Amino acid sequence: MEEEQTGQSIVILITRNGMGHAEPALQQQLIEKYLTLLDENNLLPAAICLYADGVKLAVDGSPVLAQLKSLQAKGVHVILCSTCLNYFGLSERVRVGIVGGMGDIITAQWRADKVITI
């Protein structure tokens, strides 16, 4: 995979506990591959915002904790929706990212040159 450095600020929104509309196991395989390739190729967005079911990717038992932690260590802001975490009762199980509010997600979106929703 060739890297393309555009200089743009990119924000990725993840709203599902996986990627795409398929069986849960396939969704999880796809998001794992996606985040792995971002990390391995240093295609680093400014932020990854997790909300709705997406917050489940940042808690105990997630198959992508290592990828999210690695991206965060490289400077990617991983922002989790506090309302969503509270709704699912997951606040105490967060293992990566910062717990923020919808205001933090909106700020990340407005500062971005490009927003990608997966």
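Scroll up a little and you will see the structure.
Residues numbered from 1 in each chain as written. Predicted model: local features only at pLDDT ≥ 70, side-chain atom pairs only at ≥ 80, totals over all residues. Heavy atoms only, no water.

Points about the side chain of D39
In step 1: With respect to the helices, strands and loops of the structure, D39 is situated in helix α1 (residues 24-40).
In step 2: Judged by its relative accessible area of 13%, D39 is buried.
In step 3: Separated by 2.7 Å, the side chains of D39 and K74 make a polar contact. (Helix = DSSP H or I, 4+ residues; strand = E, 2+ residues; numbered from the N terminus. Buried < 20%, exposed > 50% of the residue type's maximum accessible area, 1.4 Å probe, protein only. Polar contact = N/O pair within 3.5 Å; in protein donor to acceptor, adjacent residues only side chain to side chain.)

Some words on the environment of Q29
In step 1: Structurally, the position occupied by Q29 is in helix α1.
In step 2: Here Q29 falls in the exposed class, since its relative accessible area comes to 53%.
In step 3: Considering only alpha carbons, one finds Q29 and G18, eleven residues apart in sequence, at a separation of 7.6 Å.

Details of the pattern of salt bridges
In step 1: A complete count under the given rule lists three salt bridges for this structure.
In step 2: For K74, the salt bridge identified is with D39, shortest N-O distance 2.7 Å. Taken together, the positions of K74 in the loop between α2 (65-73) and β3 (77-81) and D39 in helix α1 put the pair 35 residues apart, joining distant regions of the chain.
In step 3: Assessed through its relative accessible area of 37%, K74 is described here as partly exposed.
In step 4: The shortest N-O distance in the salt bridge between R95 and D60 comes to 2.7 Å. Taken as a pair, R95 in the loop between α3 (82-88) and β4 (98-100) and D60 in the loop between β2 (47-50) and α2 lie far apart in primary sequence, 35 residues in all.
In step 5: In this structure R95 comes out as partly exposed when scored by relative accessible area, which is 39%. (Salt bridge = Lys/Arg side-chain N within 4 Å of Asp/Glu carboxyl O.)

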